[in-house]
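Notes for the structure review
Listed below are the residues making up each chain.
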Amino acid sequence: MTPAYFEYQNAVKLLCGQNALDRIPDELRHLGAARPLLLSDAVLAKIGVAAQVSEVMQAEGCPPAELYTDIPVDSSLEVVNRIARLYREKACDAVVAVGGGSVIDTAKGVRLVLSQGKDDILSLSGVENLNRGRHIPFIVVPTTAGTGSECTGVAVIRNDEQGVKMEFLSPFVEPDVAVLDVRMTLRLPARATAATGMDALVHAIEACTCLQGNPLSYAHGTSAIRLITRHLEECVRHGSHADARLAMALAATQAGIAFSNSMVGAVHAIGHALGGVCHVAHAEAMSILLPHVMRCNLSHSAGAYAELLPYVLGWEAAAALPAAERAEALICAVERLSRTLHELTGLPLRLRDAGVQESDLPRVAAGAVNDGALIVNPRMLSEQEVLGILRQAY
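Our subject in this report is the structure included herewith. For every chain, the first residue of the written sequence is number 1, and numbering continues from 1 onward in sequence order. For a predicted model such as this one, the threshold for reporting local features is a pLDDT of at least 70, and the threshold for listing and counting side-chain atom pairs is 80 or more; totals across whole chains, interfaces and linings nevertheless cover every residue. Water and hydrogen atoms play no part in the side-chain values, which are based on all heavy atoms of the structure.

Observations concerning the pairing of strand S4 (residues 94-99)
Whether a residue is buried, partly exposed or exposed follows from its accessible area with a 1.4 Å probe, protein chains only, as a fraction of its type maximum: under 20%, in between, or over 50%, in that order. Helix numbering and strand numbering both begin at the N terminus, where a helix is a DSSP run of H or I of at least 4 residues and a strand a DSSP run of E of at least 2. Of all the 6 residues making up S4, 6 are buried; the element is thus mostly covered by neighbouring parts of the structure. Covered by surrounding structure in S4 are Ala 94, Val 96 and Val 98 together with Val 95, Ala 97 and Gly 99, the residues of both alternating faces. Relative to S4, strand S2 (residues 36-39) runs parallel, the two sharing 4 bridges. Among the inter-strand pairings, Leu 39 is bridged to a residue of S4, identified as Ala 97. Between any two strands, pairing holds if DSSP finds at least two bridges.

A short note on the sheet that holds strand S1 (residues 13-16)
A sheet is described by the order of its strands in space; here 6 strands give the open sequence S1-S8-S5-S4-S2-S3, paired in parallel fashion. Looking at which strands have only one partner, the edges of the open sheet turn out to be S1 and strand S3 (66-68). With strand direction ignored, the average angle separating the axes of adjacent strands in the sheet is 15°. The pairing of S4 with strand S5 (residues 138-142) spans 5 bridges and is parallel. Across the sheet, the residue bridging to Val 98 is Val 141, located in S5. Between N-to-C directions, angles cover 0 to 180 degrees, with each direction set by a line fitted to C-alpha atoms, over the stretch in contact for helices.

What about the nonpolar core?
One broad trend across soluble globular proteins is that nonpolar side chains are buried collectively. We call a set of buried Ala, Val, Leu, Ile, Met, Phe, Trp, Tyr and Cys residues a nonpolar core when their side-chain atoms join them within 4.5 Å. Within the largest apolar cluster, 78 residues are counted, with the highest numbers of intra-cluster contacts made by Ile 270, Leu 274, Leu 290, Leu 351 and Leu 390. Mapped onto this core, the elements with two or more residues apiece are helix H6 (190-209), helix H7 (215-237), helix H8 (242-260), helix H9 (266-278), helix H10 (282-313), helix H12 (326-345), helix H13 (361-368) and helix H14 (383-393). The leading source of residues in this core is H10, at 13 residues. Contact partners of Leu 351, with chain neighbours within four places excluded, come to Leu 274, Ile 288, Val 356, Leu 361, Leu 390, Ala 393 and Tyr 394. Within the second largest apolar cluster, 36 residues are counted, among which are Leu 37, Cys 92, Val 103 and Val 110. Contact between two residues is taken to exist if any of their heavy atoms lie within 4.5 Å; hydrogens are not considered.

Regarding the packing of helix H4 (residues 77-89) against helix H5 (residues 101-115)
Two elements in contact, H4 and H5, have axes whose closest approach is 9 Å; the angle formed by their N-to-C orientations is 60°. Taken together, the axis directions place H4 and H5 in an arrangement best described as oblique. Considering how the two elements wind past one another, H4 and H5 form a crossing that is right-handed. Contact with H4, carried on its side by Val 79, Val 80, Asn 81, Ile 83, Ala 84, Tyr 87 and Arg 88, involves Thr 106, Gly 109, Val 110, Val 113 and Leu 114 of H5 and no other residues of that element. Polarity classes work like this: nonpolar for Ala, Val, Leu, Ile, Met, Phe, Trp, Tyr, Cys and Pro, charged for Asp, Glu, Lys and Arg, and polar for all others, with Gly in that last group. Counted by class, the contact of H4 with H5 contains 8 nonpolar, 3 polar and 1 charged residues. When describing relative orientation, an angle under 35 degrees is termed roughly parallel and one over 145 degrees roughly antiparallel, while 65 to 115 degrees is termed roughly perpendicular and anything else oblique. It is the rotation of the near helix from the far one that decides the hand of a crossing: anticlockwise by less than a right angle makes it left-handed, clockwise makes it right-handed.

Thoughts on H14
Of all the residues in H14, the buried ones are Val 386, Leu 387, Ile 389, Leu 390 and Ala 393. Seen along its axis, H14 keeps its buried residues to an arc of 155°; they face one direction. Seen from the buried face of H14, the exposed residues on the opposite side, beyond 90 degrees, are Gln 384 and Gln 392. The elements touched by buried residues of H14 are H9, H10 and H13. Each C-beta atom gives one direction from the helix axis, and the arc is the one those directions make.

What follows is the structure in structure tokens.
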């Protein structure tokens, strides 16, 4: 159903496909930049992915003015502030981020600090409370197919002092350009491929079923669901399959566009709390929680789930099922995919297998009910109901 009012934004230019990386120097020049700061992480530096991007920039006459690869898996406010200081010290004039969600979200935070002329990102917390500020040219090169962060107006960054993950929501954290080059994901290990693919699936399903959904986010979300359910297992089994890898990269981006314009729901609210309290990797938390939250939401979302089934099973197979069985069939399909990925990669199915202690569950539930993503979940959840989901998933 079309809402009475909705807003939609996607201002990111996509460079997608063969040799897309080679366009980065031209895009920087179009943005008026000559001294970019290149951000990545230690793993990507070690395996040569960061160098691959740096070499392309060097060859085309726009080398990085500085390279920073000390971004941790679970980045923090302090890391953002440190990089912003480095940007100023080295007189950089653009940010190029090469990595997964942590690198890209860190770069978004850096851009936010610089554009607003601040020293501490914590002073900028809030939801869409900022003006554009100074334009900082910003290009992202995702190396996973999961977060969709390359096309979203949100950055999730850990507050170490409070032990929580903070969300910074603003259209002004969106990159100028996102580069989807299949070479960036070909070396992604099978387990990381599985986890990030499930992260993208959560984005798409929650975007299509949350209270703030709209026709445009739905179109992107359903396309992402179709691509993921057709290509994720292939990417896990045969990591060098370029066509499947590109399909997953597109799916993650479309899922990112979808949820950036509709929000998410309880899977993310609980997952954020799990990351803050128990340091569970975000993508693995999403994979574990998805079927349990779907079952909890079933009383309010049966119709929405039934409408998504054709994008998973195909139209003929979905139509062959009685209408009353289609919502349950969608949840069962998600569970089958999770089990398959577990068998192929060891991706955990239970919270206990991800290192969560049962004694931590009440703290996680308390954190989840204060997460903004819960506001647009199809049904309101109390702290005890969230605790029930966690126990089911444990």
